[in-house]
Amino acid sequence: MGPVTAIDPADRLLRHAHCDGSVRPGHLLPRDLEATTLVGHLLGTVPPDAVVCLDSAWAVHTSAGELPPGPVHIVPGGHIPPLAPGVRVYRCALPPAHVASVGSLLLTTAERTLVDLARLAPLPAAAQACVTARSFLAPDPVREVLDSQCGLKGIPRARRLLEMVFFGP
């Protein structure tokens, strides 16, 4: 995220960051505010009962500070209301154990998100997620999620990729 060059009180991102004047034009957002800013943006974009998934959830788990380019990925909680532009819907069953929350934002757990990225994301992004995850995820919970998803599209690729890059020899 680049430096703040102007502060617009109506800006949804700054409002959700709860900025109290500590962010001034020309300064970078403090690292601990970046995830809050991202969560606030997502709350304004996705339906309240939807679960954020894939690289959109990964950005929150890794405190990336900004969403990757492209749509926000969600799994709808019930009916699909009219969506904001740039929202992509995935239909899948999410066990309650695979859903976490940051404030009132629902998102897939870091372990589920990693497995989903390993099976569905483009290979370079999936491999990078595996490398990043080594610093903050334990192997056993990731293995449990991987084993619970047998039969889903991309699981063989995810298993090979996670064995090579995340679990290691």
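One can find the structure itself at the top, above this paragraph.
Summarised in this report is the structure supplied together with it. Nothing here was measured: the structure is a model prediction, and the numbers come from that model.

**What about the pattern of salt bridges?**
- Throughout the structure, instances matching the rule amount to 4 salt bridges.
- Here Arg 119 and Asp 116 are joined by a salt bridge, their closest N and O atoms 3.2 Å apart. Here Asp 116 and Arg 119 lie together in helix α4 (residues 110–120), a separation of 3 residues that amounts to about one turn.
- You can call Arg 119 buried: its relative accessible area is 11%.
- The class for Asp 116 is buried, based on a relative accessible area of 5%.
- Residue Asp 147 pairs with Arg 159 through a salt bridge whose shortest N-O separation is 3.3 Å. Taken as a pair, Asp 147 in helix α6 (residues 139–148) and Arg 159 in helix α7 (residues 155–167) lie far apart in primary sequence, 12 residues in all.
- A relative accessible area of 46% means that Asp 147 is categorised as partly exposed.

**A short note on the nonpolar core**
- Counting 26 residues, the largest nonpolar core has Leu 114, Leu 137, Val 142, Leu 162 and Phe 166 as its most contacted members.
- Looking at this core, the elements that each hand over two or more residues are α3 (54–61), α4, α5 (123–133), α6 and α7.
- Leave out the neighbours within four places in its chain, and Leu 162 touches Leu 114, Val 115, Ala 118, Cys 130, Val 142, Leu 146, Phe 167 and Gly 168.

**Regarding the pairing of strand β4 (residues 99–102)**
- Both β4 and strand β5 (residues 105–108) contribute to a ladder of 4 bridges, which runs antiparallel. If you follow Val 102 over to β5, its bridge partner there is Leu 105.
- Between β4 and β5, which follow one another and run antiparallel, lie 2 residues, and Gly 103 among them has a positive phi close to 65°.

**What to know about unusual backbone geometry**
- Although it is not a glycine, Leu 54 adopts a positive phi angle of roughly 55°.
- Looking at where Leu 54 falls in the secondary structure, it is placed in helix α3.

**A word on the pairing of strand β2 (residues 72–75)**
- Neither face of β2 is open: one carries Val 72 and Ile 74, the other His 73 and Val 75, and all of them are buried.
- Here 2 bridges tie strand β1 (residues 51–52) to β2, and the two strands are oriented antiparallel to one another. Among the inter-strand pairings, Val 51 is bridged to a residue of β2, identified as Val 75.

**Concerning the layout of surface pockets**
- Its boundaries defined by the atoms lining it, the largest pocket holds a volume of some 350 Å³.
- Residue lining of the largest pocket: 18 residues in total, with Asp 55, Leu 117, Ala 121, Pro 122 and Ala 125 positioned closest to the centre.
- When contributions to the lining of the largest pocket are tallied by element, the ones reaching two or more residues are α3, α4 and α5.
- Residues belonging to the lining of the largest pocket are distributed by class as follows: 12 nonpolar, 3 polar and 3 charged.

**Considering the packing of α5 against α7**
- α7 packs onto α5 with a crossing angle of 45° between their chain directions and a minimal axis gap of 9 Å. By the angle class used here, α5 and α7 are oblique. With respect to the hand of their crossing, α5 and α7 are arranged in right-handed fashion. Contact residues: Leu 123, Ala 126, Ala 127, Cys 130, Val 131 and Ala 133 in α5; Arg 157, Leu 161, Leu 162, Val 165 and Phe 166 in α7.
- A breakdown of the residues in the contact of α5 with α7 according to their chemical character gives 10 nonpolar, no polar and 1 charged.

Definitions and limits used
- Residues take numbers from 1 onward in each chain, read along the sequence in its written order.
- It should be noted that, the model being predicted, local features are given only for residues of pLDDT at least 70 and side-chain atom pairs only at 80 or more, the latter also being counted only at that level, while totals for whole chains, interfaces and linings use all residues.
- Side-chain numbers here rest on the full set of heavy atoms in the structure, without hydrogens or water.
- Within this document, salt bridges are pairs made up of a side-chain nitrogen of Lys or Arg and a carboxyl oxygen of Asp or Glu, the two lying within 4 Å of each other.
- Put simply, DSSP marks the helices as runs of H or I at least four residues long and the strands as runs of E at least two long, and each gets a number from the N terminus on.
- Throughout, exposure labels follow a simple rule: accessible area from a 1.4 Å probe, protein chains only, divided by the maximum for the residue type, with under 20% read as buried, over 50% as exposed, and the rest as partly exposed.
- Within this scheme, the nonpolar core is defined by two criteria: the residues are buried Ala, Val, Leu, Ile, Met, Phe, Trp, Tyr or Cys, and they are joined through side-chain atoms within 4.5 Å.
- We call two residues contacting when some pair of their heavy atoms lies within 4.5 Å.
- For two strands to pair, DSSP has to find at least two bridges joining them.
- Points on a 1 Å grid, built from protein atoms alone, make a cavity when a 1.4 Å probe fits but cannot get out and make a pocket when they are open with protein on both sides within 12 Å along at least 5 of 7 lines; residues with an atom within 4 Å of a point are the lining residues.
- Grid points are joined across faces, edges and corners, and a volume is the space filled by probe spheres set on the points.
- The nonpolar class holds Ala, Val, Leu, Ile, Met, Phe, Trp, Tyr, Cys and Pro. Asp, Glu, Lys and Arg form the charged class, and all remaining residues, Gly among them, are polar.
- An axis is simply a line fitted to the C-alpha atoms; with a helix, the fit covers only the stretch in contact. Between two such axes, the angle follows the N-to-C directions and lies from 0 to 180 degrees.
- Roughly parallel refers to an angle under 35 degrees, roughly antiparallel to one over 145, roughly perpendicular to one between 65 and 115, and oblique to any angle outside these ranges.
- By definition, any crossing whose near helix is turned counterclockwise from its far helix by less than a right angle is left-handed, and any crossing with a clockwise turn is right-handed.

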